[in-house]
Amino acid sequence: MNYEIKDVSARLKATREYLDITAEDMAAKVKIPINEYIILESGEKDLSLSFLNDCAGALGVELIELLTGTEPRLQKYSVVKSGKGLPIDRRIGFTYQHMAYMFKHKKIEPLIVTAPFSAAEQDKPVHMSSHEGQEMNFIIKGKMKFVIGDKTEILEAGDCVYFDSSVPHGMVATGGADCEFLAVLI
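The structure displayed is predicted, hence computed values, not measured ones.

## Describing the overall build of the protein
Thinking step 1. Tallying secondary structure elements over the protein gives five helices and nine strands in all.
Thinking step 2. The N-to-C order of helical and strand elements in the protein reads α-α-α-α-α-β-β-β-β-β-β-β-β-β.
Thinking step 3. Over its C-alpha trace the protein gives a radius of gyration of 17 Å, about what one expects of a compact globule, namely 16 Å for 186 residues.
Thinking step 4. Expressed as lengths along the three principal axes of its C-alpha atoms, the size of the protein is roughly 50 × 40 × 25 Å.
Thinking step 5. For the protein, buried positions account for 40% of its 186 residues.
Thinking step 6. Once local pairs closer than 6 in sequence are excluded, the contacts in the protein between residues at least 24 apart make up 61%.
Thinking step 7. A total of about 10100 Å² of accessible surface is found on the protein, and carbon and sulfur atoms cover 53% of it.
Thinking step 8. Across the protein, the mean location of the 21 positive side-chain charges is 5 Å away from that of the 27 negative side-chain charges.

## Brief notes about the side chain of lysine 145
Thinking step 1. On the secondary structure map, lysine 145 appears in strand β5 (residues 143–148).
Thinking step 2. One buried charged residue, lysine 145, forms no salt bridge at all, with the nearest opposite charge on aspartate 123 at 5.9 Å.
Thinking step 3. Among all residues touching lysine 145, those that are not within four sequence positions of it are Gln122, Val126, Thr152, Glu153, Ile154, Gly170, Met171, Val172 and Thr174.

## Some words on helix α4 (residues 49–59)
Thinking step 1. Burial of α4 is extensive: nine of the 11 residues sit out of reach of the surface.
Thinking step 2. Turning to α4, its buried residues number three or more, namely Leu49, Ser50, Phe51, Leu52, Asn53, Asp54, Cys55, Ala56 and Leu59.
Thinking step 3. Just beyond α4, the residue with positive phi is glycine 60, at close to 75°.

## Some remarks on the pattern of salt bridges
Thinking step 1. Here the structure, examined in full by the defined rule, presents seven salt bridges.
Thinking step 2. A salt bridge links glutamate 62 to lysine 106, with the shortest nitrogen-to-oxygen separation between them at 2.8 Å. Highlighted residues: glutamate 62 in the loop between α4 and α5 (63–68) and lysine 106 in the loop between β2 (95–98) and β3 (109–115), separated in sequence by 44 residues.
Thinking step 3. For glutamate 62, a relative accessible area of 9% corresponds to the buried category.
Thinking step 4. With a relative accessible area of 16%, lysine 106 lands in the buried category.
Thinking step 5. Of the charged contacts, one joins lysine 124 and glutamate 121 as a salt bridge, the two residues approaching to 3.9 Å between their closest N and O atoms.
Thinking step 6. Classification of lysine 124 by relative accessible area gives partly exposed; the value is 45%.
Thinking step 7. A relative accessible area of 32% places glutamate 121 in the partly exposed class.
Thinking step 8. Each of the salt bridges in this network shares a partner with another, and the network as a whole consists of Arg16, Glu17 and Glu41.

Cut-off values and rules
- Starting from 1, residues in each chain are numbered consecutively following that chain's sequence as written.
- Predicted model: local features are reported for residues with pLDDT of at least 70 only, side-chain atom pairs are reported and counted for 80 or more only, and whole-chain, interface and lining totals are derived from all residues.
- To get the side-chain values, all heavy atoms of the structure are used, and hydrogens and water are removed first.
- A run of H or I in DSSP counts as a helix once it spans at least four residues, and a run of E counts as a strand once it spans at least two, with each numbered from the N terminus.
- In this setup the radius of gyration rests on C-alpha atoms only. A globule is expected at 2.2 Å times the number of residues raised to 0.38.
- Exposure is judged per residue with a 1.4 Å probe applied to protein chains only, and the accessible area is read against the type maximum: over 50% gives exposed, under 20% gives buried, and values in between give partly exposed.
- Should any heavy atoms of two residues lie within 4.5 Å, those residues are counted as being in contact.
- Computed by Shrake-Rupley with a 1.4 Å probe, the accessible areas treat only the displayed protein chains as cover when residues are assessed.
- Counted as positive: Lys and Arg. Counted as negative: Asp and Glu. His and the chain ends are not counted at all.
- To locate a charge, take NZ of a lysine, CZ of an arginine, CG of an aspartate or CD of a glutamate.
- We count a salt bridge whenever a side-chain nitrogen from Lys or Arg sits within 4 Å of a carboxyl oxygen from Asp or Glu.

These results come straight from atomic positions and should not be treated as a statement about function.
Encoded structure:
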């Protein structure tokens, strides 16, 4: 699902204002400069999944509420069939499927992620991001070049990496094919 950035930004701003949180306080809560926060909240720049996840946590709402405007309602269990996760297009080329989008009060955000292989990306610096919390990536198929801080690991199907996601990290598919992995954001 390709969300309109302006719609997501408008929901973010409306929720923040409803909760009587200033833009300055929100920027401090998500640990970014106020000028950057204002640009993101205005919809002038693409919103990363990690930024939205941080905002949802700071506002006490579900990530899905910011993305779709729909409140999750399941409380006992949630089944999402193969290929039926809520599609999220956030990072160019990467595809995300949220695997528990209708479960209320989640303690984790489980995503099936496909990182596209690009020969041109193999020798470039890997795009890095950071966000509060911890993360686990379990490789389902393909190979991933995973970079965290100044360390690089090549992960294959069946490999798992668990890390402090406040440390700058990034990944690209390697080995000539796309990489599919389960990402669990905590």
